[in-house]
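Observations on the three-dimensional arrangement
These are the residues of each chain, in order.
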Amino acid sequence: MTDATFFFSGWEPLVRIVVVGTVMYVALVALLRVSRSRTLSTMNGFDFIVTVAIGSAFGRALTTKDVALSEAVMAFGLLVTLQYVITWIQVRWPFFRRVVTNPPALLYFRGEFVDAELRRQRVAKSEIRSAVRKNKLGSLDEVEAVVLEPSGDFSVIASVEDASAFGKTLEEHLGE
C-alpha cells in the first residue's frame, strides 16, 4: 500500500460503505422492531453478548469486502432470533432463566452490609454509597436495602417509617 492509497483508495470503497451501511442499518432497525422492546432492554450477560456480536458483525460487514450484504443481514437475523428464543424460553421456564441470568443479590439490608454477598458479587462498599447518592439519599441511614439487579444496576430501597412493613429479617431474606 503506497502512501497515496493509505489515505484514499478510490470512490468505490466509500460508496460501498455508504450503501452497505445504509442497508444494514435499515435491516437491523427492522429486525429489532420485529423482536420488540426486550431486545433493547436493560442488558443481562446474554443480551450483552448479542449486542457485542451484532456490533462486530455490523463493523466487519461495513469495512470488509469479503462479507456479502446477505451474509451480514443473515447474521443479524440469527443473533436477534437467538436472543428472542432465549428470552421466550426464560419467560416460560424459570429454571432456564436461572441458568442464563444472575438472580438479584441483596447487598445491604437494614443498616448492615451483606459482606459475603459483596465479595461474591465483587462489589465495593463505596459503590453502594455511590448508588445511594445517585438515588438522592443523604446516607445509608435512609436506606432499607440495596439490591444488585441481574442487569448490573443497583436498586436502592428507601427506609420507611415502620420497618416492620417489610416483615422479614436479614437472615430470612438471605435464606430465600
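Summary of the structure given here.

1. Points about the pairing of strand 4 (residues 154–158)
In summary, the side chains of a regular strand alternate between the two faces of the sheet. Two strands pair when backbone bridges link them, and strand 3 (residues 143–148) and strand 4 are joined in this way by 5 bridges, in the antiparallel orientation. Each residue of the ladder has a partner; that of Ala-145, found in strand 4, is Ile-157. The antiparallel pairing of strand 3 with strand 4 creates a hairpin that spans 5 residues between the two strands, and Gly-152 there sits at a positive phi of about 95°.

2. A few points about the environment of Ala-145
Within the secondary structure, Ala-145 sits in strand 3. Given a relative accessible area of 5%, Ala-145 falls into the buried group. When neighbours within four sequence positions are excluded, Ala-145 is seen to be in contact with Leu-106, Tyr-108, Phe-109, Ser-155, Val-156 and Ile-157.

3. Regarding the side chain of Glu-117
Along the chain, Glu-117 turns up in helix 6 (residues 115–121). Ignoring sequence-local partners within four residues, the contact set of Glu-117 consists of Ala-105, Leu-106 and Leu-107.

4. Comments concerning helix 7 (residues 125–134)
Within helix 7 the residues assigned to the buried category are Ile-128, Ala-131 and Val-132. The buried residues of helix 7 all sit within an arc of 100° when viewed along its axis, so they share a single face. The outward face of helix 7, more than 90 degrees from its buried face, is lined by the exposed residues Arg-133 and Lys-134. Here the buried face of helix 7 lies against strand 1 (105–109), strand 2 (112–113), helix 6, strand 3 and strand 4. In the stretch just after helix 7, Lys-136 is the one whose phi turns positive, near 60°.

Reading the values: the criteria
- Residues numbered from 1 in each chain as written.
- Predicted model: local features only at pLDDT ≥ 70, side-chain atom pairs only at ≥ 80, totals over all residues.
- Heavy atoms only, no water.
- Pairing = 2+ DSSP bridges.
- Helix = DSSP H or I, 4+ residues; strand = E, 2+ residues; numbered from the N terminus.
- Buried < 20%, exposed > 50% of the residue type's maximum accessible area, 1.4 Å probe, protein only.
- Contact = heavy atoms within 4.5 Å.
- Arc of directions from axis to C-beta.

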